[in-house]
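# Survey of secondary and tertiary structure
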Amino acid sequence: MRKLLLTLFAGACLCSCSAPATAPQGLVPYPNRIETASGEYDIRGAKVTCDKLADERTRQMICAFAQQLGKISGVESTVTITDAPAMEGIRLVEDKTLSEEGYRMEVTQKGIELRAATFNGFMYGVQTLKQLLPEAIYGQTPAPEAKWTVGCMTIDDAPRYSYRGMHLDVSRHFFDVKEVKRYLDIMAVHKLNVMHWHLTDDQGWRIEIKRYPELTTIGSKRKGTVIYKQWGNYDNIPYGGYYTQDEVRDVVAYAHSLGITIIPEIDLPGHMMGVLAAYPELGCTGGPYEVWKTWGVSDDVLCIGNEKSFELIENVLKEVMELFPSKLIHIGGDECPKVRWTTCPKCQARIKALGLKGDGKHTKEHFLQSYVTERVGKFLSDHGRRAIGWDEILEGKAPVDAIVMSWRGSEGGIAAAKLGHDVIMTPNTHCYFDHYQSLDVDAEPFAIGGYLPVKQVYSFDGKFPELTDEERKHILGVQGNLWTEYVKTNEHLEYMLLPRLAALSEAQWCQPEVKNWDRFISNFRMHKIYDVMGYNYAKHIFGVTASSENDTEKGAVMMTLATLGNSPIHYTLDGSEPTAESPLYTEPVAVAKSLIFKAKALRDGIEMPAYEREFVFTKSTAHKAVLNSKPTEKYTYGGVAALVDGHHGNSGYSSGAWVGFLEEPLDMTIEMKGEEYSAVEVEASVDKNEWIFAPCRIEVLTSDDGKEFKSVALLEIPMEEKGSDDGVKTYKVEFPATKAKFLRVVARNCDLPEWHGGHGNKAHMFVDEVSVL
């Protein structure tokens, strides 16, 4: 009878709310199915009933929501636990027919019914409900004058991916328990369910281990920190910090109350200077070692020929497993140089005893790391856990049950899925939140480099046509990573996280047919929630975004502008600040000479800096050009047009202004227009820690027919020294003046030098402007 009454009640409300209404477009992540009807429900003073079948977490969560609702709306809401939820008010009903994290919310003129099978489902339903209310619900200030009504609608929702993660590096810079909880709070608002806690690295060990106290008394402290990217120049200010086991338990319990699982990472066998500083006998050379003061990758790693290394690993993991109930434990496995192992007698003895041999693609030392991964993975499996490793664990042979976290693009994850591994995608092309959010890096907090705007995060689609439907099932989810080499404060941490987390949440939650950038950006209002909750965030999405296209017929670069909403955009061509009196943007703007272009969205209440782009025109700008070679796919960006668009990029190699080459050289042909020319300048990026080097040689060739070319100049470029400066470097190749119609430029990338941790691999080469003079 009760089921019948509920059905009749729902039908009656659908009849009374049958006229269509506009769906709320600002929800993030957007529900996968939403139907609206006319009418609304006034939520003030709503009586809340919770199904007695719901677990204790759900009861506590809904009681907290009711208390907050009453406090902020000005009318008290009471909570009753019952086996027969009321027909009016807000009612929570356990429904095991729904998916594990799914929920169904029906709003009628008499109340709100929320159905879910688990705590997380109820949690996500309440998060959606809160976004339908005034932003004041997220704060502490009462707002009885606000509109506390919710439009009639039905939402059937469930996440696309079961793993929706965000990573936090606390080794490079330490963040206290209070800030970690704020990190978890904002993750919960966006319906993420995993925090990957990077607790150990070369720059500091951050978790108390009772059996090995020196890991924190020694391994958590470094004597100083490198100043920005001034390699070898340190601030000499001691730096440290770690979490006690009681603090870890507190954070884990807090995350659990938000439906978030914390996965700890103990990075091994590389990134271990914190361990080696405390226990030098576990290194191949015996030390002395110190906690690293610089960034990058240390050649010193755990000695795998020393059985005591495994004794420490296993004992540490035992304590870690006691603290973290997560089924998954991250064991790192990334960026582990093999140079010490090649000369270590103990490691070579272990290789011999195991009968390890290289296979032409990987060395015997690669297979030694595979042995580590397999042995540690089995240890975790024997204790009911499962290992996750960065995609380097595929170099050699990864354990069949290991989960691969793909960070060097998506290629590693695709390869892993084809091999039958479960995969978590966290490609640096879309998910590295330590990259700049703006091309105007001088106006930004200092960052590691790169360029990752909100739109690029949002563009992750996860379709992977290379995979079969069966292989695609191995993609468990998506994760954002926030490394903190240059992120020192809570304010900076939040600035790098937000609002990119909102874009990430839709990539994680929304089905492909629901994901829509125009809907997301045109209706964005999460910043209002951030304001109420007191978070710092980047405001670039309120400014002007620009794209360019070369018009080779006009010899001009066409600038297309856009901004959030309908705010007017004004621009200038003389470098002056745009005002309401400046030209109004209505169509693409042609730029045909050297100048400074500025554009600005004029908004009430939000003052944004102007978009700025300097153009330096040369004899090749906006000319027809073709690439005769293939760039690295994920670093193709604007392709050949970006090399002759008159725009010189900054040091952010992933800014979209650069084109990357690895497997093939840069080989391009430019069609000239009869002018005499006698030099070519090639602009390249150097970032040695990122394996990015200048070309080793540049050759210039000319032709009158575009078929037969002759070499006119060759520039040999010296190899970068270990201590030389990184940055944008320009290489000029001069030759006798010519009016040849076709100009060909070939720049070849180098092999990484012996002093580099990646020796034996090719360097990546990033080229921006190719200027003809």
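Since this is a predicted model, take the numbers as computed values, not measurements.

### Regarding the overall build of the protein
Along the protein, the regular secondary structure elements total 18 helices and 32 strands. Counting only C-alpha atoms and orienting by the principal axes, one finds that the protein spans roughly 95 × 75 × 50 Å. In the protein, the share of contacts with a sequence separation of at least 24, taken over all contacts with a separation of at least 6, comes to 71%. Entry remark: accessible area of the protein is about 31500 Å², with carbon and sulfur atoms responsible for 51%. Within the protein, the 107 negative side-chain charges are centred at a point lying 4 Å from the centre of the 84 positive side-chain charges.

### What to know about the sheet that holds strand β20 (residues 569–572)
Across the sheet, which stays open at both edges, the three strands sit in the order β20-β22-β23 with antiparallel pairing between neighbours. Two strands lie at the open edges of the sheet, namely β20 and β23 (611–615), each paired on one side alone. Direction aside, neighbouring strands of the sheet carry axes that sit 15° apart on average.

### Quick notes on the environment of G462
When you line up the elements, G462 lands in the loop between α13 (454–458) and α14 (469–472). Given a relative accessible area of 4%, G462 falls into the buried group. Considering only alpha carbons, one finds G462 and V478, 16 residues apart in sequence, at a separation of 8.6 Å. In this structure G462 touches R160, Y161 and R472, once residues within four positions along its chain are discounted.

### Observations concerning helix α6 (residues 245–257)
For α6, spanning 13 residues, the distance from its first C-alpha to its last is 19 Å, which sits close to the expected 18 Å at 1.5 Å a residue. Within α6, burial applies to Q245, V248, V251, V252 and A255. All buried residues of α6 fall inside an arc of 120° around its axis, so they share one side. Among the structural elements, α4 (177–189), β9 (194–198), β12 (261–268) and α8 (307–323) are those in contact with the buried residues of α6. Backbone geometry just after α6 places G259 at a positive phi near 75°.

What counts and how
- Residues numbered from 1 in each chain as written.
- Predicted model: local features only at pLDDT ≥ 70, side-chain atom pairs only at ≥ 80, totals over all residues.
- Heavy atoms only, no water.
- Helix = DSSP H or I, 4+ residues; strand = E, 2+ residues; numbered from the N terminus.
- Contact = heavy atoms within 4.5 Å.
- Areas by Shrake-Rupley, 256 points an atom, 1.4 Å probe, with all protein chains shown as cover.
- Lys, Arg positive; Asp, Glu negative; His and termini not counted.
- Charge placed at Lys NZ, Arg CZ, Asp CG, Glu CD.
- Pairing = 2+ DSSP bridges.
- Axes fitted to C-alpha atoms, helices over the stretch in contact; angles between N-to-C directions.
- Buried < 20%, exposed > 50% of the residue type's maximum accessible area, 1.4 Å probe, protein only.
- Expected span 1.5 Å × (residues − 1).
- Arc of directions from axis to C-beta.

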